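Examination of the molecular architecture
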Amino acid sequence: MGATLDVIAKDVKIQVEFKPELVINVALPYQDLTIMDACLECGVNYLDTANYEPKDEAHFEYSWQWAYKEKFEKAGLTAILGCGFDPGVTSVFTAYAAKHHFDEIHYLDIVDCNAGDHGKAFATNFNPEINIREVTQKGKYWENGAWVETEPHEIHKPLTYPNIGPKESYVIFHEELESLVKNFPTIKRARFWMTFGQEYLTHLRVIQNIGMARIDPVIYNGVEIVPIQFLKAVLPDPGELGENYTGETSIGCRIKGIKDGKEATYYIYNNCSHEAAYKETGAQGVSYTTGVPATIGAIMFMKGLWRKPGVYNVEEFNPDPFLELLNKQGLPWHELFHVDLEL
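Residues numbered from 1 in each chain as written. Predicted model: local features only at pLDDT ≥ 70, side-chain atom pairs only at ≥ 80, totals over all residues. Heavy atoms only, no water.

A look at the pattern of salt bridges
What the rule picks out here adds up to twelve salt bridges. The closest approach of N and O atoms between D216 and R214, which form a salt bridge, is 2.6 Å. K328 is the salt-bridge partner of E324, the closest N and O atoms lying 3.5 Å from each other. Taken as a pair, E324 and K328 lie in helix α12 (residues 319-328) at a separation of four residues, close to a single helical turn. By relative accessible area, E324 is classed as partly exposed at 48%. In this structure, a network of salt bridges that share partners links the residues D109, R189 and R191. (Salt bridge = Lys/Arg side-chain N within 4 Å of Asp/Glu carboxyl O. Helix = DSSP H or I, 4+ residues; strand = E, 2+ residues; numbered from the N terminus. Buried < 20%, exposed > 50% of the residue type's maximum accessible area, 1.4 Å probe, protein only.)

Have a look at this one:
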């Protein structure tokens, strides 16, 4: 508790000193709630790119942040949740599809492929501690009004990605599913698929089997350490992968539903080149696809387009101006109609 209060106190001090109108939290998932508390204390609006998770448990849920809705409403402040790529752009894609192309969305599959090669034996594309926790947890998807839990990587199949080709894809749980099935209640099934290479999965199994994925502390030479935090310290820094990174990412939504009484299929996606991202910014594609949407979300807020008191996920706002700017800021998106979704 003392540590949490210290974080709030430091954040309050910074906010009072600089008097920002909006605080953007892009890399502190364990501190979402403390930063939100500090924003309430200082009268500052809030935006993040990923949901809160407790440090001592690999558990991803929006309920903690949704519980702040009334507090932000009373304070006249806006909190925008999940404004990265996934969550973020994928949620806006879904809102755009619901607004323009479907009367009812019935099936939603979010597909995330990283077909890049960074030349390392094993590395994660963002915070290793968060990444490994995310992809080693049990899978979960929404079907017929309930969550269905699976073993890690139990459900998988090859999916074909634009400009990349077929890649083995695995069902994992991702936080935007929770908000999307809430905000689009016609959805009968929602899943999240991510690609992993066999070498990557082998490393993950070894890391788990030898206990290096543990998030509980152990005593080593009289010092308390958390194995996954030690592992993070010895793995390559995700921010330094860009220079030799080749290939691209492909992330999008494959949607089936009803339009004008007829069944319709729709695929909306973005491909991002690691090499192009590094040439422009010095960062690899995964960092680029997170940073650009967060910036656009901030622009939406500052223009008053995404601004209303309370706590909201990005799909609860108008998707059109966000996607218009996404096209202009280096992440152009593409649409395919009446296609085989493979799912």
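Picking up where we left off.
Some details on the packing of aromatic side chains
Summed over the entire model, instances satisfying the criterion amount to 16 aromatic pairs. Between the aromatic rings of Y266 and F337, the centroid separation amounts to 5.2 Å while the plane-to-plane angle is 45 degrees, which identifies the pairing as tilted. Residue Y266 is found in strand β13 (residues 262-273), and its partner F337 is found in strand β15 (residues 334-337); the two are separated by 71 residues along the sequence. Judged by centre distance (5.0 Å) and plane angle (15 degrees), the rings of W306 and F317 are stacked. Of the two residues, W306 is situated in the loop between α11 (285-302) and β14 (310-313) and F317 in the loop between β14 and α12; the sequence distance between them amounts to eleven residues. (Phe/Tyr/Trp six-rings, centres within 6.5 Å; stacked < 30°, edge-to-face > 60°.)

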